[in-house]
Every structure is written in C-alpha cells, then in structure tokens.
Amino acid sequence: MKKLILAAIVLGSMSIYAYKMTAPKMENITVSIQTEYTEVTADAVPAAVKTALQTAYPGAKLVKAWVNEKKDYKLEISVGDQKATVFSDVNGNWLKI
C-alpha cells in the first residue's frame, strides 16, 4: 500500500513537471486604449495634414475627419472607388495607414 501511494505521488509530481515544461509561456501584452475622436469638418483639418494626404494619395478626397485630444487626425478618404482610413498627427506625419 505504501508503494502504491509513493508511486502516485511520484507520478503526480512528474506530470506537473512535464506540464510546466510543455505549457505555453505567458508573454507581456501591451494594450493601447484608443482615445475618443470627435468629428470635425474638412476645413478644421490643418493644411499640413491635407498636403500630406495629397502627396501620399494624389487625387484622394477627404470624406470624413476626426480629431482626438492629442491632435491626431483620423481621416476617411476615397481614391477612385477605394476607401481607406488613415491616421496622421497635426504635422502631417502618418501614424497608421
């Protein structure tokens, strides 16, 4: 009986050790919280942003624009029959395309 209990303990601890060796490792995950954007008119979009838009996407039309507290702009654009959403800072530097 003692051998049976000892065998169960040894097997149990070996299975825990095996699980630790094969278990996926936890990774740090960075979560960025998206700030709220407020819709603005096309006239409220800075000239630097409009110039960057025309340079990067010749012929693009600004459909809608939003701005957040950091003065980052979310722009919904259309080029021909394609639509896209791009992000720019107040100086016309692209944040996300």
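Keep in mind that what you see is a predicted model, and the values were worked out from it rather than measured.

Cut-off values and rules
Residues numbered from 1 in each chain as written. Predicted model: local features only at pLDDT ≥ 70, side-chain atom pairs only at ≥ 80, totals over all residues. Heavy atoms only, no water. Helix = DSSP H or I, 4+ residues; strand = E, 2+ residues; numbered from the N terminus. Contact = heavy atoms within 4.5 Å. Salt bridge = Lys/Arg side-chain N within 4 Å of Asp/Glu carboxyl O. Buried < 20%, exposed > 50% of the residue type's maximum accessible area, 1.4 Å probe, protein only. pLDDT = per-residue confidence, 0-100. Phe/Tyr/Trp six-rings, centres within 6.5 Å; stacked < 30°, edge-to-face > 60°. Lys NZ or Arg CZ within 6 Å of the ring centre and 35° of its normal.

Enquirer: Explain the environment of V49 residue by residue, including any values.
Expert: Secondary-structure assignment places V49 in helix α2 (residues 47-56). C-alpha separation for the pair V49 and N93, spaced 44 residues apart in sequence, amounts to 7.7 Å. Setting aside chain neighbours within four positions, we find V49 in contact with Y73, L75, S88, D89, V90 and G92.

Enquirer: An account of the pattern of salt bridges is requested, with residue identities and associated values reported.
Expert: The final tally for this structure, using the stated rule, is one salt bridge. A salt bridge links K70 to D72, with the shortest nitrogen-to-oxygen separation between them at 3.9 Å. According to the relative accessible area criterion, D72 is buried, its value standing at 11%.

Enquirer: Hey, could you go over unusual backbone geometry for me, with residue numbers and the actual values?
Expert: We note that K71 has phi near 65°; this positive angle belongs to a residue other than glycine. Examined against the element boundaries, K71 turns out to sit in the loop between β2 (61-67) and β3 (73-79).

Enquirer: Describe the confidence of the model for the protein, and please don't skip the residues or the numbers.
Expert: Scored by pLDDT, the protein has a mean of 80; 63% of the residues are at 70 or more. Ranking the helices and strands of the protein by mean pLDDT puts β2 first, with 96, and helix α1 (residues 2-22) last, with 55.

Enquirer: Before we move on, could you go through the packing of aromatic side chains and cite the residues and values that matter?
Expert: Under the definition given, this model contains two aromatic pairs. Centre to centre, the rings of Y57 and W94 are 6.2 Å apart; their planes meet at 75°, and the pair counts as edge-to-face. On the criterion of sequence distance, the pair formed by Y57 in the loop between α2 and β2 and W94 in strand β5 (residues 94-96) is long-range, its members being 37 residues apart. Judged by relative accessible area, Y57 falls into the partly exposed class, the value being 22%. It is K74 that lies over the ring of Y37; its NZ or CZ is 6.0 Å from the centre. Lying over the aromatic face of W66, K74 brings its terminal NZ or CZ to 5.1 Å of the ring centre.

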